[in-house]
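Breakdown of the fold
Spelled out from the first residue to the last, the chains are:
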Amino acid sequence: MSQPTKGFLIVASRTKFFYYSACNLIESIKDFMPDAKCCLVTEERLLDDRGREIADDLIFCDDHKRAKIWGMARSPYDLTMYIDADCEVEHEDISIIFDQFNGSDVLFTGLPVERHYCYAEVYFEGARRPDGQPAGFELCGGVCLYDMRNPLVREFMHDWFDLTVEQYAGRWWPKKEDGTEDLENYPQSFKRWDQFSLWWLTKKEPKYADLKVGVLEDDARWNYYSKYRPHLKHNKDPIVIRHYSSASAKQEVYT
Amino acid sequence: MEYEVLDNAYWEDGIDDRSVLKCIRMHKQADGSKRKEIIVFSRLLPDRSLCPNFKEVVATVGTEKIDANTNERRQRKTMEQKTGHVKKEQQKKAAQLEKLFHMKLQAFEIPEIRDSKNRKLRTALRRSENEVEMNAYASLIIGIEKGILNESTD
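Structure report, in brief. (Residues numbered from 1 in each chain as written. Chains lettered and ligands numbered in written order. Predicted model: local features only at pLDDT ≥ 70, side-chain atom pairs only at ≥ 80, totals over all residues. Heavy atoms only, no water.)

Brief notes about the pattern of salt bridges
The test is simple: When a carboxyl oxygen of Asp or Glu is within 4 Å of a side-chain nitrogen of Lys or Arg, the pair counts as a salt bridge. A run of H or I in DSSP counts as a helix once it spans at least four residues, and a run of E counts as a strand once it spans at least two, with each numbered from the N terminus. Under the scheme applied here, a residue whose accessible area is under 20% of the maximum for its type counts as buried, over 50% as exposed, and between as partly exposed, the area being computed with a 1.4 Å probe on protein chains only.
Per the stated rule, a full pass over the model turns up 31 salt bridges over all chains. One salt bridge connects Glu155(A) with Lys207(A), and the closest N-O pair in it is separated by 2.8 Å. Of this pair, Glu155(A) sits in helix H4 (residues 151–168) while Lys207(A) sits in the loop between helix H5 (194–204) and strand S8 (213–215); the two residues are 52 residues apart in sequence, bridging distant segments of the chain. Looking at Glu155(A), the relative accessible area reads 37%, which means it is partly exposed. Residues joined in a network through salt bridges with shared partners are Glu27(A), Asp31(A), Arg50(A), Arg122(B) and Arg126(B).

Structure below.
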């Protein structure tokens, strides 16, 4: 049996900030893994010689807000590590990322309670547990390790994109028994958030009941937000991927 | 007016002086609800006589309990101050890291750096831990690319 192909997928659309960040990210991967395969998904208008040179595979996308998921569904690699463009690799352990599946088909990083201070909204009524305990989003989509050899994973990625497009366009939202939109259980503020379509598919869609969705071991090191408070020690081993997610900075220089 | 003095009163001037007392009085309203009143009493009134409100709170809560509240509050405030300081420092550091990241992206837009094949220096620039280090590597790359400095590329 042939070895699965392995590679990183980075999506940069809409602004130069994401494009330059993506180039930087790919170079930072190759600083530690010179032979790593990297696929850059970007808009043709953003591409320059730097991107052409560093990317092993190029896919052109449009400027849809969720080109990220569109790109994820089209990964040319069997085992794919998707990383948000505004990240940087800073440790050699990036080379062991493809050993982290641990029996799962798709892995993300988590949203445990001790890191909730970093996120705007986590809990919502529709996710409340049967015992009455509050619940909500558990997965963070900043990075995603997935096995495209599994047809269910492929379908999942496509369905995630399709559902998100419908959601953003206002054509899909969970309904109440009377047929109206259920905004009591699923707040209006989630309508432009792919986190919600991810939650819906993994928690409510029977088709994906057998999909093994997991959280990376020592997950904070694989997606360490620059806003994390170091004294809370979210990571056990050194940070591998740092996520620069400051929205204000993104707007500051690049449009 | 009917009210209740809460038992979390403390000495505002510390347990050495015990001359200024801060407490909360919960007033019962006609509709059954309660109104909170935060109030400070000095032991002595302007005419040097003992303040009856002060006396009432000490009698209700007890000097020992007020001492304990004062110590507990002081410890809590010190801890909050420390935690607040740590939080502020970390926010500052996070902002510096973000800024450095954006400066590096900008550095890689400079044609001499963007097009440089000197992988060693490009990596060093990317891993710079502060602005000074980043500027030093950026200058080195530009110097080499412009032929001002002499170093073979890898």
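So, the layout of surface pockets
How we decide: In this analysis, the protein atoms alone were mapped onto a 1 Å grid. Cavities are point sets where a 1.4 Å probe fits without being able to get out; pockets are open sets with protein on both sides within 12 Å along at least five of seven lines; lining residues have an atom within 4 Å of a point. Grid points are joined across faces, edges and corners, and a volume is the space filled by probe spheres set on the points.
Considered as a void within the structure, the second largest pocket measures approximately 660 Å³ in volume. Lining the second largest pocket are 28 residues, with Arg242(A), Tyr244(A), Leu97(B), Leu100(B) and Glu129(B) sitting closest to its centre. Contributions of two or more residues to the lining of the second largest pocket are made by helix H1 (16–32) and strand S5 (87–89) of chain A together with helix H2 (63–107) of chain B. Sort the elements by how many residues they give to the lining of the second largest pocket and H2(B) lands first, with nine residues.

Quick word on the pairing of strand S2 (residues 38–42) of chain A
Both faces of the sheet carry side chains from a regular strand, because those side chains alternate between them. All names here are of chain A. Operational definition: Should DSSP find at least two bridges between two strands, the strands are taken to pair. Classification remark: right-handed applies to a crossover when, strands pointing away from the viewer, the course from the first strand over the helix to the second runs clockwise.
For S2, the tally of buried residues reaches five of five residues, placing the bulk of the element in the interior. Side-chain alternation along S2 places Cys38, Leu40 and Thr42 on one buried face and Cys39 and Val41 on a second face that is also buried. As judged from the five bridges shared by strand S1 (residues 6–12) and S2, these two strands associate in the parallel manner. Bridging from a neighbouring strand, Ile10 pairs with Leu40 of S2. The parallel pair S1 and S2, bridged by H1, forms a crossover whose chirality is right-handed. Relative to strand S3 (residues 57–60), S2 is paired through four bridges, and the arrangement is parallel. By the bridge assignment, Val41 is partnered in S3 with Ile59. Considered for its hand, the β-α-β crossover made up of S2, helix H2 (residues 49–54) and S3 is right-handed.

Observations regarding the sheet that holds strand S10 (residues 241–243) of chain A
Residue and element names in this part refer to chain A. Strand order in the open sheet formed by three strands is S5-S10-S9, with mixed pairing between adjacent strands. Only two strands of the sheet have a single neighbouring strand rather than two, namely S5 and strand S9 (224–225). One ladder, built from three bridges, connects S5 with S10; its direction is antiparallel. The residue bridging Glu88 from the neighbouring strand is Arg242, located in S10.

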